[in-house]
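Structural characterization, general
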Amino acid sequence: RSPSGLGTNLQDDVFFTDQQGNWIPACSLHHLRPGVFYGHPDALASMDLPGGHLKGIVDIPNGIPYPEAVRQLPALVPPAVWFPYKKMGQSATDVVCDTTRGKFGPFQGQLFVGEFTLAAISRVFLEKVDGEYQGACFPFYEGLDSAVIRLTFGEDGSLFAGLSNRGWSSVGRASYGLQRLVWNEKTPFEILEMRARSDGFDLVFTKPVDRQTATDVKSYAMDSYTYQYHQVYGSDELFKKRVSIVAADVSADGRRVHLRTEPLRELYVHELRATGIRSTDDEPLLHADAYYT
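Just so it is clear, the model here is predicted, and its values are computed rather than measured. (Residues numbered from 1 in each chain as written. Predicted model: local features only at pLDDT ≥ 70, side-chain atom pairs only at ≥ 80, totals over all residues. Heavy atoms only, no water.)

**Let's talk about the state of the cysteines**
To keep it simple, the criterion reads: The definition used for a disulfide is geometric: two cysteine sulfur atoms within 2.5 Å. The buried label goes to any residue with under 20% of its type's maximum accessible area, the exposed label to any with over 50%, and the partly exposed label to all in between, with areas taken from a 1.4 Å probe on protein chains only.
Inspection of every chain in the model, using the stated rule, returns 0 disulfides. Unpaired in this structure, Cys27 has its nearest cysteine sulfur neighbour in Cys137, at a distance of 11 Å. On the basis of relative accessibility, which here comes to 2%, the residue Cys27 falls in the buried class.

So this is what it looks like as structure tokens:
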């Protein structure tokens, strides 16, 4: 619809963000490659041009749940990650990979994504399952002076954000600017990774967890939902269902929790809130929310 950022991961695969709008139910992060339809029919105008990799799309389903649209239209590939509206921003922008080897904290190899409306930055963990990227997004940093348009890492490992409210508006107070984020060398207590398993999810933390809170299923809550694939602008969260946390098992080193959950639904967003968990130093999570696609 209106891609606003391009970036690569450590494997040099290319990713882009797209904007919520007609046909695009929420902002998204896609793995860019030949022969893939990303959902907006306007892109099909170039289908028959020389060098085109996309062929044979005639009918576009309209007004059906996104997982059903993927089944009906094989060329339509779902995003690696959805950014749930307002919870994870309203307008995703640039994509940059942490290649700092620890100079920016414990996030080596993960992606950072700019956010226009909320003047913020998100963090994305990706894993590859059966050849397809999927993963989780997390809040990372809010309160920048203006809308985040571009991101880049400096040689010293700091993160530069290029800002501008031009064209729209953000919660930031300035019209434009350049800001720099530097790690204070204090590791935050965060969910570092969220990995899908056949019976639930593995959570990897930046610090060891307190076993009493981490094994208590009441420390967690989870819902799953999907979106509508339609010509209308955006989409509400559809077919929302509570996901039961059956058990939480902690690894010997305290850095990993295996959540056994039911049910799991393919192509759905699984929204986790881990507000009850604490570190061994009795810290709450800096960001207790995660959204796995």
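From this point, the discussion proceeds with the structure in view.
**Brief notes about the nonpolar core**
Grouped burial of nonpolar side chains is what soluble globular proteins tend to show. Note the threshold: The definition of a nonpolar core used throughout is a set of buried Ala, Val, Leu, Ile, Met, Phe, Trp, Tyr and Cys residues joined through side-chain atoms within 4.5 Å. Note on definitions: a residue-residue contact is assigned when non-hydrogen atoms from the two residues lie within 4.5 Å.
Core analysis: the largest hydrophobic core is formed by 35 residues, its most contacted members being Leu29, Phe37, Leu76, Phe83, Leu111, Val124 and Leu126. Not counting the four nearest positions on each side in its chain, Leu29 is found in contact with Phe15, Phe16, Thr17, Pro79, Ala80, Val81, Phe83, Val95, Leu111, Val124 and Leu126. With 26 residues, the next largest nonpolar core counts Phe189, Ala214, Val250 and Leu272 among its residues.

**Some remarks on the sheet that holds strand β5 (residues 81-83)**
Just so we agree on the cut-off: Here, any two strands with at least 2 DSSP bridges between them count as paired. The secondary structure listing takes helices from DSSP runs of H or I that are at least 4 residues long and strands from runs of E that are at least 2 residues long, numbered from the N terminus. Only the stretch in contact is used when a helix axis is fitted, and all axes are lines through C-alpha atoms; the angle between N-to-C directions ranges over 0 to 180 degrees.
The strand order across the open sheet formed by 4 strands is β1-β2-β3-β5, and the pairing between neighbours is antiparallel. If you trace the sheet from one side to the other, it starts and ends with β1 (5-8) and β5, each paired once. Adjacent strand axes in the sheet meet at a mean angle of 25 degrees, parallel and antiparallel pairs treated alike. With 3 bridges connecting them, strand β3 (residues 27-32) and β5 associate as antiparallel partners. Bridged to Ser28 within β5 is Trp82.

**Topic: the pattern of salt bridges**
Heads up, the condition is: By convention in these notes, a salt bridge is any Lys or Arg side-chain nitrogen within 4 Å of a carboxyl oxygen on Asp or Glu.
This model, assessed by the stated rule, comprises 16 salt bridges. In this structure, the salt-bridge partner of Lys87 is Glu271, at a minimum N-O distance of 2.7 Å. Within this pair, whereas Lys87 is found in the loop between β5 and β6 (92-97), its partner Glu271 is found in strand β19 (residues 269-273), the two being separated by 184 residues in sequence. The partly exposed category is assigned to Lys87, whose relative accessible area is 34%. For Lys240, the salt bridge goes to Glu237, with nearest N and O atoms at 3.4 Å. We classify Lys240 as partly exposed; its relative accessible area is 46%.

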